Amino acid sequence: MERFLGCDKAYAKADTVLFGAPFDSTTSFRPGARFASRAMRADSYALETYSPYLDADIEDMMVCDAGDLELCFGDTEKALDAIEKKTAQLLDDRKRPVMIGGEHLVTLGAVRAAAKRYADLHVIQFDAHADLRDDYLGAKLSHATVMRRIHDIVGDGRIFQFGIRSGTREEHAFGEKHTGLHSFGFAGLDTVIYNLKGKPVYFTLDLDVLDPSVFPGTGTPEPGGVSFEQLLNAVYVAGNLDIIGCDLTELCPVYDPSGISTAAALKILRELLLVISEK
């Protein structure tokens, strides 16, 4: 099995377990996120395991790549159930799950499992889109509704959103009332991190938070995003928390033949794995 570079520790010894969730059946614009985990594994061999940013090396960390789930594309609930079961298994085995999407709806399956284990679960989201619609074209389960469904689980004051620059008027009104919605960038992140110290946090990173000039390979590109350096620094800040699970979603490698978007996703994943594994 092809593995993400450096993530080759035995499952029994691993603290962190990487797995892919290749699902994009509710994508509202351009599909293709199902191919992200395979593209990232293949291209990871162009990436060094060592990070000069953190002076740390993936090969020194106890990270296992468990491969991709086999998900049902014709039944969204079955796919979410498979993700929930995998996440629950990892948590039961005292592993930290790190999921590669897939579209952003895959996060719901992981959070369902995490919320059952951690009653005080909080969620930090980096994203271009609020994803707070109650439905999208009548569907309750969509990558456009994922944070609303997560709010149904965790409730008010448990979701903190950063980088948001797209959504309906109703979504923004809902966010202002029920979530910590921070538009356009990472202002306020330090305060949120301070207040969440010691609490269990699930971290979800939709890569379209990046500006399309940096990251064109995504299904719903949204101009006006953050730079790679801004995102990297924000990941380091968030990594100081008790992150019990996390994911990266919405890389669509087919829309960036240059491979630059995949390269950016790889580097972010490497740094994320290092910063959470060093704790």
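A few points on the structure. (Residues numbered from 1 in each chain as written. Predicted model: local features only at pLDDT ≥ 70, side-chain atom pairs only at ≥ 80, totals over all residues. Heavy atoms only, no water.)

1. Considering the sheet that holds strand 9 (residues 200–206)
Here is step 1: One open sheet accounts for eight strands, arranged 4-1-5-10-9-6-7-8; its pairing is parallel. Where the open sheet ends on each side, the last strands, each with one partner, are strand 4 (63–68) and strand 8 (180–183). Sheet twist, expressed as the mean angle between neighbouring strand axes with direction ignored, is 15°.
Here is step 2: The pairing of strand 1 (residues 16–21) with strand 4 spans four bridges and is classified as parallel. Across the sheet, residue Leu18 finds its bridge partner in strand 4, namely Asp65. (Pairing = 2+ DSSP bridges. Helix = DSSP H or I, 4+ residues; strand = E, 2+ residues; numbered from the N terminus. Axes fitted to C-alpha atoms, helices over the stretch in contact; angles between N-to-C directions.)

2. As for the packing of helix 7 (residues 228–238) against helix 8 (residues 260–277)
Here is step 1: At a closest axis distance of 10 Å, the pairing of helix 7 and helix 8 adopts a crossing angle of 20°. Between helix 7 and helix 8, the interaxial angle falls into the category roughly parallel. Judged by the sense of rotation from one axis to the other, the crossing of helix 7 with helix 8 is right-handed. Between helix 7 and helix 8, the contacting residues are Phe228, Leu231, Leu232, Val235 and Tyr236 on the first element and Ala264, Lys267, Ile268, Glu271, Leu272 and Val275 on the second.
Here is step 2: Taken together, the residues that form the contact of helix 7 with helix 8 break down as nine nonpolar, no polar and two charged. (Parallel < 35°, antiparallel > 145°, perpendicular 65-115°, else oblique. Left-handed = near helix turned anticlockwise from the far one by under 90°. Contact = heavy atoms within 4.5 Å. Nonpolar A, V, L, I, M, F, W, Y, C, P; charged D, E, K, R; others polar.)

3. Section: the pattern of salt bridges
Here is step 1: The final tally for this structure, using the stated rule, is 14 salt bridges.
Here is step 2: Salt-bridge contacts for Glu84 lead to Lys116; the nearest nitrogen and oxygen are separated by 2.5 Å. Here Lys116 lies in helix 3 (residues 106–117) and Glu84 lies in helix 2 (residues 76–92), a separation of 32 residues in the sequence.
Here is step 3: Relative accessible area serves as the criterion here: at 12%, Glu84 is assigned to the buried category.
Here is step 4: Salt-bridge contacts for Arg270 lead to Glu271; the nearest nitrogen and oxygen are separated by 2.9 Å. For the pair Arg270 and Glu271, one class covers both residues: buried.
Here is step 5: Connected via shared salt-bridge partners are Asp134, Lys140, Arg149 and Asp152. (Salt bridge = Lys/Arg side-chain N within 4 Å of Asp/Glu carboxyl O. Buried < 20%, exposed > 50% of the residue type's maximum accessible area, 1.4 Å probe, protein only.)

4. A word on the packing of aromatic side chains
Here is step 1: On inspection of all chains with the given rule, the structure shows three aromatic pairs.
Here is step 2: Ring geometry for Phe126 and Phe162: centres 6.2 Å apart, planes at 85°, overall edge-to-face. Placement of Phe126 in strand 6 (residues 122–126) and of Phe162 in strand 7 (residues 159–164) is noted, with a sequence separation of 36 residues between them.
Here is step 3: Here Phe162 falls in the buried class, since its relative accessible area comes to 0%.
Here is step 4: Ring centres 4.9 Å apart and planes at 80° place the aromatic pair Phe126 and Phe203 in the edge-to-face group. With a gap of 77 residues between them, Phe126 in strand 6 and Phe203 in strand 9 connect regions that are remote in the sequence. (Phe/Tyr/Trp six-rings, centres within 6.5 Å; stacked < 30°, edge-to-face > 60°.)

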